[in-house]
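Each chain, written out:
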Amino acid sequence: MRFIGNKENLVEKIFQILQNKDIVGNLFFDFFAGTSNVGQFFKKKGYQVFSSDLLYFSFVLQKAYIENNEVPTFEKLLSKTDIKTHSLFASPLMQIVDFLNTIPQQEGFIFQNYTPEGTKDLDIPRMYFSNENGKIIDAIRLQIETWKNENLLTENEYYILLACLIETVPFYANISGVYAAFQKKWDARAVKKMILRPIEIIVSNKENKVFNQNSVELISKIQADILYLDPPYNQRQYAPNYHLLETIAKYDNPSIKGVSGMRNYENQKSQFCNAESGLKELYNIAKNANYKKLILSYNSEGIMTQDKVLSVLGSFGEVELVEFDYLRFKSNSNGESKTKKFIQEQLYILRKF
């Protein structure tokens, strides 16, 4: 998934650093879950994982990947419908995905507000999705909700199907990386017909918990061996950058505005998108959370300066900083930074007094 700060390609390196520093434990708390890739990685490593995020689409991914520990059977849905598959060996999830790829298209909220045909009366018609893919997204999303309302899906099955849709959509979105703006010309992948993809099911023997709230509200309730923080690095809020995924996940027909059709995100703002408030929030977390080791993933261009981060964390224990280079996410290339291909990941390791 295209997501600013996505640690999918970095988490193995981060894990190796923690191993080398003898930072281990049983409970891993992913404080800013995002795509849930870090939580997924540590779940596979045998940790009990707790995770949280203010964004609902992140919560959907967390429910499907982190909290769910069952291979879905879709027993009720398959027994009460005439869903058929072309493959004798397809898993129940693959049977449902195959079926959803064949249902009639519908002109719902996404088509009406984020495709050229649906927004043809606007001064600047929106080109987030092709007309066809907008209808496909609507059809799949409405079908999932219908099955839920008819009590044909378990809670796990519902979130797994939503996660399949959320994971598939970015491959067909006409964006350069985030959804704050659409491209004025069609990206080659955006004009291809959307094909829903199944997600990976990760099963563990640990009871993992996920939350859709400000993680600061949870710090007194969770005792973590490793508290992992991966906050925003700059002034750009995550919610407007991913407003369309949020709307597809909620499918709540929100009031939208502007050229990009933005939904309201007033209650989803992060304190870390301002250097001063971010440092105050970091101080609050480091002081009041229950943890043995705190790991802060940041980068060399973050708005909180290295000396101030070290000062804040150093108030509560021994701090070590490990840095390594990685390839820049292209939507983060701005200003003078456009000339820099690589950026430094900063891993602050706090061993609490």
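Structure: above.
Cut-offs applied
Residues numbered from 1 in each chain as written. Predicted model: local features only at pLDDT ≥ 70, side-chain atom pairs only at ≥ 80, totals over all residues. Heavy atoms only, no water. Helix = DSSP H or I, 4+ residues; strand = E, 2+ residues; numbered from the N terminus. Rg over C-alpha atoms; globule rule 2.2 N^0.38 Å. Buried < 20%, exposed > 50% of the residue type's maximum accessible area, 1.4 Å probe, protein only. Contact = heavy atoms within 4.5 Å. Axes fitted to C-alpha atoms, helices over the stretch in contact; angles between N-to-C directions. Parallel < 35°, antiparallel > 145°, perpendicular 65-115°, else oblique. Left-handed = near helix turned anticlockwise from the far one by under 90°. Nonpolar A, V, L, I, M, F, W, Y, C, P; charged D, E, K, R; others polar. Core = buried A, V, L, I, M, F, W, Y, C linked by side-chain atoms within 4.5 Å. Phe/Tyr/Trp six-rings, centres within 6.5 Å; stacked < 30°, edge-to-face > 60°. Lys NZ or Arg CZ within 6 Å of the ring centre and 35° of its normal. Arc of directions from axis to C-beta. Pairing = 2+ DSSP bridges. Right-handed = clockwise from strand over helix to strand, strands pointing away.

A.B. asks: Can you tell me about the overall build of the protein, naming the residues and giving the values?
C.D. replies: Counting its secondary structure elements, the protein contains 12 helices and 9 strands. The C-alpha atoms of the protein give 21 Å as radius of gyration, which agrees with the globular expectation for 353 residues (20 Å, within 12%). Along the longest, intermediate and shortest principal axes, the C-alpha atoms of the protein span 60 × 50 × 30 Å. Going through the 353 residues of the protein one by one, you find that 55% of them count as buried. Considering only contacts in the protein between residues 6 or more positions apart, those separated by 24 or more positions represent 76%.

A.B. asks: Let's hear about unusual backbone geometry: which residues, and what values?
C.D. replies: A positive phi is found at Asn151, a non-glycine position, where the angle reads about 60 degrees. One can find Asn151 in the loop between helix H7 (131-149) and helix H8 (155-168). At Asn253, a position not held by glycine, the phi torsion is positive, near 50 degrees. Counting through the fold element by element, Asn253 comes out in the loop between helix H10 (243-250) and strand S5 (256-257).

A.B. asks: Account for the packing of H8 against H10, with residues named and values stated.
C.D. replies: Between two packed helices, what matters for the description is the angle formed by their axes and the separation of those axes. Two numbers describe how H8 lies on H10: the axes approach to 10 Å, and their chain directions differ by 155 degrees. Compared by their axis directions, H8 and H10 come out roughly antiparallel. Between H8 and H10 lies a crossing whose hand is right-handed. Between H8 and H10, the residues in contact are Leu162, Leu165 and Ile166 and Leu245, Ile248 and Ala249, respectively. By residue class, the composition of the contact of H8 with H10 is 6 nonpolar, no polar and no charged.

A.B. asks: Requested: an account of helix H5 (residues 92-100), with residues and values cited.
C.D. replies: For H5, the full list of buried residues reads Leu93, Gln95, Ile96, Val97 and Leu100. Among the structural elements, helix H4 (75-80), H7 and H8 are those in contact with the buried residues of H5.

A.B. asks: Got a sec to walk through the nonpolar core? Specific residues and values, please.
C.D. replies: Counting residues in each nonpolar core, the largest one holds 112 residues, and the members touching the most others are Phe42, Phe129 and Leu294. With 9 residues, H8 is the largest single contributor of residues to this core. Dropping the residues within four chain positions of it, Phe129 is found in contact with Ile110, Tyr114, Thr115, Pro116, Gly134, Ile137, Val169, Tyr172, Ala173, Trp186, Leu244 and Ile248.

A.B. asks: Let's hear about the environment of Gly261: which residues, and what values?
C.D. replies: As for its position among the elements, Gly261 is in the loop between S5 and strand S6 (262-263). Contacts of Gly261, omitting those with residues within four sequence positions, involve Tyr114, Arg126, His243 and Ile256.

A.B. asks: Any chance you could break down the packing of aromatic side chains for me, citing the residues and the numbers?
C.D. replies: Working definition: an aromatic ring pair is given by the centre-to-centre distance plus the angle between the planes. Taken as a whole, this structure holds 23 aromatic pairs when the rule is applied. Judged by centre distance (5.3 Å) and plane angle (70 degrees), the rings of Tyr158 and Tyr159 are edge-to-face. An identical accessibility class is assigned to Tyr158 and Tyr159; each is buried. An aromatic cluster is defined as three or more aromatic residues linked by ring pairs; in this entry it consists of Phe15, Phe28, Phe41, Phe42, Tyr47 and Tyr228. Looking at Lys13, its charged tip hangs above the ring of Phe324, at a distance of 5.6 Å from the centre. Directly above the aromatic system of Tyr158 lies the positively charged group of Lys148, at a separation of 4.6 Å from the ring centroid.

A.B. asks: Give me the lowdown on helix H1 (residues 11-20), citing residues and values where you can.
C.D. replies: Three or four residues apart is the spacing at which side chains of an α-helix point the same way, because the helix has 3.6 residues per turn. When H1 is considered as a whole, its buried residues turn out to be Val11, Ile14, Phe15, Ile17 and Leu18. The arc enclosing the buried residues of H1, seen along the axis, measures out at 160 degrees, which places them on a common side. Downstream of H1 by a residue or two, Asp22 has a phi angle that is positive, lying close to 60 degrees.

A.B. asks: With reference to specific residues and values, describe the packing of H5 against H7.
C.D. replies: Close contact between H5 and H7 brings their axes to 10 Å; oriented N to C, the two are set at 130 degrees. Taken together, H5 and H7 sit at an angle that is classed as oblique. Taken together, the residues of H7 that come into contact with H5 (itself represented by Ile96, Phe99 and Leu100) are Ile140, Gln143, Ile144 and Trp147. Of the residues that constitute the contact of H5 with H7, the class distribution is 6 nonpolar, 1 polar and no charged.

A.B. asks: So what's going on with the pairing of strand S2 (residues 48-52)? Residues and values would help.
C.D. replies: Burial of S2 is extensive: 4 of the 5 residues sit out of reach of the surface. Both strand S1 (residues 27-30) and S2 contribute to a ladder of 4 bridges, which runs parallel. Each bridged residue has a counterpart across the sheet, and for Phe29 the counterpart in S2 is Phe50. Between the parallel pair S1 and S2, the chain is carried across by helix H2 (residues 37-44), and the sense of this crossover is right-handed. By the bridge criterion, 3 bridges tie S2 to strand S3 (residues 209-211) in an arrangement that is parallel. Pairing of Ser52 across the sheet is with Phe211, part of S3.

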